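Structural characterization, general
Listed here are the chains, written in short residue letters.
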Amino acid sequence: MSTSHRQVPGRTAQSRRRDRHGRGPRGPMAWPPVPAMTTRRDQFDDFVLDAAARLEATCGRAFPVVEFAVEDVPRGPAPWEHREVPLGRLFPATGSRPARIVVYRRPVETRVSDPRDVAALVSDIVTEQVAGLMGVSPEELDPGFGE
């Protein structure tokens, strides 16, 4: 017994997207703008960008050219650092590369007891690193530093 497939003109077998009951593929449970689709990693990135934007608005033109990055964990302690795990690092500008501030996500998340405190700690880390880059105290940039 032979079976033959009837093909719809203009469609290939590979472009067929419906099952035999006429149902299409299922979509995600929530769309990306919905908070349910935001991962902790994305939230952490937003905390860093918000802290940087707030400082940039405060400093205005005096804000240095700097790149912000987020890494999960530091690669290893630098020889001049203590054995404690850093929460953030400032890499000075070299040649054509601007200065870079890196915030480490996993050490920051383990340092706080309440997940709602992550944003405050990230803000303090970014403020401290930018202050180090500018050569001023963190309290000069943010009067609420450390609260």
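Structure: see above.
No experiment lies behind these values; they were computed from the predicted model shown. (Residues numbered from 1 in each chain as written. Predicted model: local features only at pLDDT ≥ 70, side-chain atom pairs only at ≥ 80, totals over all residues. Heavy atoms only, no water.)

Regarding its fold elements, the chain presents four helices and three strands. The helix and strand sequence of the chain, counted from the amino end, reads α-β-β-β-α-α-α. Looking at the 147 residues of the chain, the share that counts as buried comes to 26%. Across the chain, the fraction of contacts at a sequence separation of at least 24, relative to all contacts at a separation of at least 6, is 54%. Carbon and sulfur atoms form 52% of the exposed surface of the chain, whose accessible area is close to 11300 Å². (Helix = DSSP H or I, 4+ residues; strand = E, 2+ residues; numbered from the N terminus. Buried < 20%, exposed > 50% of the residue type's maximum accessible area, 1.4 Å probe, protein only. Contact = heavy atoms within 4.5 Å. Areas by Shrake-Rupley, 256 points an atom, 1.4 Å probe, with all protein chains shown as cover.)

So, on to the environment of A119. Within the secondary structure layout, A119 lies in helix 3 (residues 118–134). A relative accessible area of 29% means that A119 is categorised as partly exposed.

Here helix 1 (residues 40–59) is 20 residues long and its end C-alpha atoms lie 29 Å apart, about the 28 Å a rise of 1.5 Å per residue gives. Among all positions in helix 1, only F44, V48, A51, A52, L55 and C59 are buried. Looking straight down helix 1, one finds that the buried residues subtend no more than 95° of arc, so they occupy a single side. Residues of helix 1 that are exposed and point more than 90 degrees away from the buried face comprise L49, D50 and A57. Looking at the buried positions of helix 1, the neighbouring elements they touch are strand 1 (66–71), strand 3 (99–104), helix 2 (105–111), helix 3 and helix 4 (138–141). One or two steps after helix 1, the chain reaches G60, where phi turns positive at roughly 70°. (Expected span 1.5 Å × (residues − 1). Arc of directions from axis to C-beta.)

This paragraph deals with the side chain of D124. Looking at the element boundaries, D124 is found in helix 3. Of the side chains bearing the opposite charge, R54 lies closest to the buried D124, which forms no salt bridge; the N-O distance is 6.3 Å. Leave out the neighbours within four places in its chain, and D124 touches F145 and G146. (Lys, Arg positive; Asp, Glu negative; His and termini not counted. Salt bridge = Lys/Arg side-chain N within 4 Å of Asp/Glu carboxyl O.)

A separate point is the nonpolar core. Counting 21 residues, the largest nonpolar core has F44, V103, V108, V122, V126 and V130 as the members making the most contacts within it. Contributions of two or more residues to this core are made by helix 1, strand 3 and helix 3. The greatest single-element share of this core, amounting to seven residues, is contributed by helix 3. Not counting residues up to four positions away in its chain, the partners in contact with V122 are F44, F47, V48 and V108. (Core = buried A, V, L, I, M, F, W, Y, C linked by side-chain atoms within 4.5 Å.)

Side chains that differ in sign of charge can pair as their charged atoms come close. Throughout the structure, instances matching the rule amount to six salt bridges. R54 serves as the salt-bridge partner of D142, at 3.6 Å between the closest nitrogen and oxygen. Of this pair, D142 sits in the segment after helix 4 while R54 sits in helix 1, and the two are 88 residues apart along the sequence. The partner of D114 in a salt bridge is R116, and the shortest N-O contact between them spans 3.0 Å. The partly exposed category is assigned to D114, whose relative accessible area is 23%. Residue R116 is classed as exposed on the basis of its relative accessible area, which comes to 70%. Beyond isolated ion pairs, a larger network of salt bridges with shared partners links R41, D72, R105 and E109.

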